[in-house]
Amino acid sequence: MPNSRIKQVVAACFFSYLIATPVFAGQEEFYQLLEILLQNGTLTQQQYDSLVAALDDSAAAADRDQQVQVKTEGGLEASTYDGAFSFELGGRLMVDSAYYQEDQNDLGNGTELRRARLDVEGVLFSDYGYEFGVDFGGGDADVKDAFIEYRGWWPTKVKIGQFKEPFSLEELTSSKYITFMERALPNEFAPGRHVGVGVQSRGDGWTAAAGLFGESFDDDVKDEGDEGWGVTGRVTYAPLRDDRRALHLGAAVSHREPDDTDEIKFNARPESHVTDVKYLNTDDIADVSHINLVGLEAAWVEGPFSLQGEYVAATIDRHAGQSGLDFDGWYVYGSWFLTGESRIYKPKSGKFGRINPVTDSGAWELALRYSSLDLSDNDISGGEAEQITLGLNWYVNPHLRFMANYIIVDNDAAADDAGDLAGDDDPSIFQLRAQLDF
Amino acid sequence: MPNSRIKQVVAACFFSYLIATPVFAGQEEFYQLLEILLQNGTLTQQQYDSLVAALDDSAAAADRDQQVQVKTEGGLEASTYDGAFSFELGGRLMVDSAYYQEDQNDLGNGTELRRARLDVEGVLFSDYGYEFGVDFGGGDADVKDAFIEYRGWWPTKVKIGQFKEPFSLEELTSSKYITFMERALPNEFAPGRHVGVGVQSRGDGWTAAAGLFGESFDDDVKDEGDEGWGVTGRVTYAPLRDDRRALHLGAAVSHREPDDTDEIKFNARPESHVTDVKYLNTDDIADVSHINLVGLEAAWVEGPFSLQGEYVAATIDRHAGQSGLDFDGWYVYGSWFLTGESRIYKPKSGKFGRINPVTDSGAWELALRYSSLDLSDNDISGGEAEQITLGLNWYVNPHLRFMANYIIVDNDAAADDAGDLAGDDDPSIFQLRAQLDF
Amino acid sequence: MPNSRIKQVVAACFFSYLIATPVFAGQEEFYQLLEILLQNGTLTQQQYDSLVAALDDSAAAADRDQQVQVKTEGGLEASTYDGAFSFELGGRLMVDSAYYQEDQNDLGNGTELRRARLDVEGVLFSDYGYEFGVDFGGGDADVKDAFIEYRGWWPTKVKIGQFKEPFSLEELTSSKYITFMERALPNEFAPGRHVGVGVQSRGDGWTAAAGLFGESFDDDVKDEGDEGWGVTGRVTYAPLRDDRRALHLGAAVSHREPDDTDEIKFNARPESHVTDVKYLNTDDIADVSHINLVGLEAAWVEGPFSLQGEYVAATIDRHAGQSGLDFDGWYVYGSWFLTGESRIYKPKSGKFGRINPVTDSGAWELALRYSSLDLSDNDISGGEAEQITLGLNWYVNPHLRFMANYIIVDNDAAADDAGDLAGDDDPSIFQLRAQLDF
């Protein structure tokens, strides 16, 4: 299918339901009628002038700029035509089931509401915005993004509140748009959401973001002790950034000091969330002075094909002459849209976005991932694992997709959930997801 | 009051606030004026044609079908005129207080936010829908319906996500529309909401629904063990289904296997929720192989009078030659609208719906229920109870009602909350509710 | 700056974004054209009458009164033009950080989502309303206002559900509008939100409110015991109530009986919420018969200057001849808008409201507070504290403000968190807030 045809269909698909509230149909023709009636002598020049002036006033009073238009694509969007004020409500539902071909340990077949989330966002007085989301999938209420944003120095934006530290392409790509059901093993290193302040900007193909962060309330186990804090920065550059051809390169660093307990812990599920088993688990590491993270990212899109990979290294410094610890992980995956679509790279934010199927029967994507995480070093035996995932995605329409993942897990002997499980466990996993966002 | 008058008032009451956003008032008259001006020679045929063509284009551009209309009845509804996309936000508040005339055990007078719920739902691309509700009444966030729906095979619908298993007329009727403050004792058997897939259809007076379900996250006590699962099906038929005269018959079956623990438990409050006392309580029943449920339903509406009843039997099979267990329960109730309204039977879904009061002073309903539940068999002494409830409901308007229930409880000696309470406790209960939905 | 200029700017600022959905621009001119065409003989009287009649019908059909207008100021508001039905969705985000200059005990520097709240409210059938808000800031879902309201006896209103007991000017003023980041120490006495029924009314400068309350679910620790209950009433009078000059006087009383445990407890953070330390803590006081509260309020606004103060006394009666307990506290503060704005006193509800900055660079407010709380009497040594707070607020626009508070804490020896901390702790606190509401 030629590129132009695809673009045309995608555009049609995307814009067909972005329709504003009605405006006066016939206003222009009213002016034309008055013009004719003036010219054929039915109206005097005075009558004509008076009517046109009145109509002008009337049209001005109903000035489109400050009127509110309402849109729906399953959610809700209301905004003034000039964009100075807006409100948007959306959400996402992800319904999972998982079947574990167990080896040595129980993993627990079952079902799960992986995400059940409501998000609101808005703009006030043109320059100020907010985002606020809550996830209910885990059986309680978990605040996601909750920040205030200043946009007056566009394209530079300043954020205050809870949001994701700028680290890792896969972490920063919304769960609505990631290629596999769960992010890869090394995602355990990504700092994720904390309360803090951040600044981000962008230019011709590049983005940069940095921030100073405390902890999210979930981490704040000891309210009388000082919280931990971190600084994180990320830069990306896309030498290629066409619609169906892109090359993304990125690097990020993060420095974090733990809270008063001086303890940190890394642990990771086997890229499957129905189970609670976390084979890889360092347990609490004591006497931690600070953690440094380095992340490298690359992605390449060539029509229906794409490759993506990341490497993350974590270096932990400990007090009192104890040796440091070096953990690391990486993943790489390829994706192929059988139906010709292309992964949507967004050079303005340095991440990936929504897939718009070309045909009525939806888009089909085949993907293969290798991932690896090593949490063992010196006296800490958190374990090491390698996993291979085969994924098949069906994008029924831009807001609905079904996902199937088959995962082969290879754990080493130390991957025993800090001693709670048998090591060397090599199960395989088959899991399904239905996902709708609005 | 004659039927026709009632229908007229109900219709007026129902539709008066379903008003769309404004469309061009005067468009039709514009065409008429041009016609007249053509005929009396003020406009030439060419001028007329040109103006009409322009007006046609203009009207087409503001095509109503894809414009968004917004409605409010206290909540919010936005939909394109063609219905292909829509969004709805609503909710319910139920405020209870209960006074216990205690016999042997403390029950605890008090107040409660019985339900404080937000619901969103929507349609995308005509054929796809979702529902998502969260209840905050219990002090935490409790996900209710959370499913994705395919409507492309209308009237057959397929659901994926968390929703109610199709079992029991009273369970499936929304808490907004049930006749008494709490569902009857045998409701303890109804499987309720679980994560799964289901299909439902309907025809001339009949409905059918079936599904395969896992567990809700609340039940998933042991994440590393396999979840339980169940299959459930229900059919209903309404030989009579007029506006104020209906006869409903239904039957449902359910088969469920417990999770890895092989344990199940049935327990029930005395149709009052302010207290946490559950007289009837089997405690954990071990070594359960599976449970089979059978439910029978009937309801009859004759003008302001109605009758409704259900019988549910639960059969529990246990491993290792242990004897099976048979529990059952039933209820029957009558309702009389003193003000002439009629309970609203919905033959398309096989359940009851919203009451629309005929007069400005609202609708008054008197109701009487007998219910019974027996959770004792063989070695399990969960107890047996009979209860009689007198209910009075005042429907102030279609969205607001006040309820008063007086309940006489008759527990047997084994109804001791698995040994935690004195048996043979026979309290009476007076409870009130204020309920608003939007 | 003269008063008239300020009012003008405030009004412009406030109304500029309150714009309705479009209505037919040109309808009036259509009538005028027909009139002209009649007079110059282009239309016959019959043609004119017919067109005008059709246009009248068409305009009536699109009757503005029942159409829905949609507004956004970052949130969402939809209402019929006649106001009979409406829906509103809003929220607030408050992001805090605190730095403790510790003396004897750890307080725990850190960050916090102080409030992350969604609120919906609406009107149905003109006379009925509801409010429903949930806060997610604490890591769970905390229901705030959740009540049904009858407005048919305007200005008298009746409420059922969970809402604030009418006690204390600072408690009743929304957290969006309080002058300092946290309410003053004596706020610990204010009953706050409980489930109950209440009535409120108002007249020329006065307001009165009273209610009967149970407990909120958070307090209901023992579901089988009877809940506590209370009655509370408040009256206010404002001899001066001009736009920029107001004098407010108020008094409130409350009587509460504890639940079955006969225990109550008072404890208070040092006007800083990032820490969990509560220096002042009576621990559980046993054998309580009832508590009586008396509160006195006064506030005075004179242009950019204002003063506000409250005194609250709590008297606790105990069973079995044990001596009563008398606790009390008070605060007083002054505020000065450097940029000339005035605190907004709302005589109709007897509390303070939203600040609208006069200039584009926002409003700046300087404030100083003294507060004191004494929870020691007889055998109960809850401790006593005095605090001085210097506050600086920057209102960027009516919906966004930044706050900085510097607090000097002076605890006595008994202020030891019921023995868990060292007494005589005198830390100082510096804390910051970013706040946006929509």
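Reading the values: the criteria
- Residues numbered from 1 in each chain as written.
- Chains lettered and ligands numbered in written order.
- Predicted model: local features only at pLDDT ≥ 70, side-chain atom pairs only at ≥ 80, totals over all residues.
- Heavy atoms only, no water.
- Helix = DSSP H or I, 4+ residues; strand = E, 2+ residues; numbered from the N terminus.
- Contact = heavy atoms within 4.5 Å.
- Areas by Shrake-Rupley, 256 points an atom, 1.4 Å probe, with all protein chains shown as cover.
- Lys, Arg positive; Asp, Glu negative; His and termini not counted.
- Charge placed at Lys NZ, Arg CZ, Asp CG, Glu CD.
- Buried < 20%, exposed > 50% of the residue type's maximum accessible area, 1.4 Å probe, protein only.
- Polar contact = N/O pair within 3.5 Å; in protein donor to acceptor, adjacent residues only side chain to side chain.
- Least-squares fit on C-alpha atoms with pLDDT ≥ 70 in both.
- 1 Å grid on protein atoms, 1.4 Å probe; cavity = no way out; pocket = protein on both sides within 12 Å on 5 of 7 lines; lining within 4 Å.
- Points joined across faces, edges and corners; volume = space filled by probe spheres on them.
- Nonpolar A, V, L, I, M, F, W, Y, C, P; charged D, E, K, R; others polar.
- Pairing = 2+ DSSP bridges.
- Buried area = accessible area lost by both parts, 1.4 Å probe.
- Salt bridge = Lys/Arg side-chain N within 4 Å of Asp/Glu carboxyl O.
- Phe/Tyr/Trp six-rings, centres within 6.5 Å; stacked < 30°, edge-to-face > 60°.
- Lys NZ or Arg CZ within 6 Å of the ring centre and 35° of its normal.

**A closer look at the overall build of chain A**
Scanning chain A from N- to C-terminus turns up 4 helices and 22 strands. Oriented by its inertia axes, the alpha-carbon framework of chain A measures out at about 100 × 50 × 40 Å. Long-range pairs, those at least 24 residues apart, make up 61% of the contacts in chain A between residues at least 6 apart in sequence. Put simply, chain A shows about 16400 Å² of open surface, and 52% of that area lies on carbon and sulfur atoms. Positive and negative charge centroids in chain A, built from 35 and 75 side chains respectively, lie 7 Å apart.

**Focus on the environment of His 248 of chain A**
Residue and element names in this part refer to chain A. Here His 248 is to be found in strand S11 (residues 245–257). According to the relative accessible area criterion, His 248 is buried, its value standing at 0%. Taking the C-alpha atoms as reference, His 248 lies 15 Å from Pro 166; in sequence the two are 82 residues apart. Excluding its chain neighbours within four sequence positions, the residues that come into contact with His 248 are Leu 169, Arg 234, Thr 236, Tyr 237, Ala 238, Glu 297, Ala 298, Ala 299, Tyr 345 and Gly 350. Among the polar contacts made by the side chain of His 248, one reaches the side chain of Glu 297 at a distance of 2.8 Å.

**Description of the relation of the copies chain B and chain C**
To go from the first copy of the chain to the second, apply a rotation about an axis and then a shift along the same axis. Least-squares fitting of chain B to chain C yields an RMSD of 0.1 Å, with the transformation described by 0.1 Å of translation along the axis and a rotation of 120 degrees. Both copies are brought into coincidence by an operation consistent with a three-fold rotation axis.

**So, empty space enclosed by the protein**
On inspection of all chains with the given rule, the structure shows 14 cavities of 30 Å³ or more. In this structure, the largest cavity encloses a volume near 130 Å³. Forming the walls of the largest cavity are 17 residues, and the residues nearest its centre are Leu 118 and Phe 136 of chain A, Leu 118 of chain B together with Leu 118 and Phe 136 of chain C. Contributions of two or more residues to the lining of the largest cavity are made by strand S4 (110–124) and strand S5 (128–135) of chain A together with strand S4 (110–124) and strand S5 (128–135) of chain C. Looking at the lining of the largest cavity, its residues break down into 13 nonpolar, 2 polar and 2 charged.

**What about the pairing of strand S8 (residues 193–202) of chain C?**
Residues and elements named next belong to chain C. Relative to S8, strand S7 (residues 156–164) runs antiparallel, the two sharing 8 bridges. In the strand pairing of S8, Phe 163 is matched with His 194. In this sheet, strand S9 (residues 206–213) lies alongside S8 in antiparallel orientation, the contact comprising 7 bridges. Across the sheet, the residue bridging to Arg 202 is Thr 207, located in S9.

**Considerations on the interface of chain B and chain C**
Listed per partner, the contact involves 59 residues of chain B and 59 residues of chain C. Both faces considered, chain B and chain C share a buried interface measuring about 4500 Å² in area, 74% of it formed by carbon and sulfur atoms. In this structure, the connection of chain B to chain C is made through 0 salt bridges. On inspection of chain B and its partner chain C, the count reaches 6 residue pairs in polar contact (both at pLDDT 80 or more). Contributions of two or more residues to the side of chain B that touches chain C are made by helix H2 (27–39), strand S1 (68–71), strand S3 (86–101), strand S4 (110–124), strand S20 (380–397), strand S21 (400–411) and strand S22 (428–437) of chain B. Ranked by residue count, the leading element in the side of chain B that touches chain C is S4 of chain B, at 7 residues. Split by residue class, the side of chain B that touches chain C holds 30 nonpolar, 19 polar and 10 charged.

**Remarks on the packing of aromatic side chains**
By the definition in use, this model includes 60 aromatic pairs over all chains. Aromatic pair Tyr 128 of chain A and Tyr 150 of chain A: ring centres 5.3 Å apart, planes at 45 degrees, arrangement tilted. With a gap of 22 residues between them, Tyr 128 of chain A in strand S5 and Tyr 150 of chain A in strand S6 (residues 142–153) connect regions that are remote in the sequence. Under the relative-accessibility criterion, Tyr 128 of chain A is labelled buried at 16%. For Tyr 150 of chain A, a relative accessible area of 23% translates into the label partly exposed. Feature note: the residues Phe 132 and Phe 136 of chain A, Phe 132 and Phe 136 of chain B together with Phe 132 and Phe 136 of chain C constitute an aromatic cluster, connected by ring pairs. One residue, Arg 343 of chain A, lies across the ring of Phe 352 of chain A, its end atom 3.8 Å from the ring centre.

Everything listed here is a matter of coordinates, which is why it stays silent on function.
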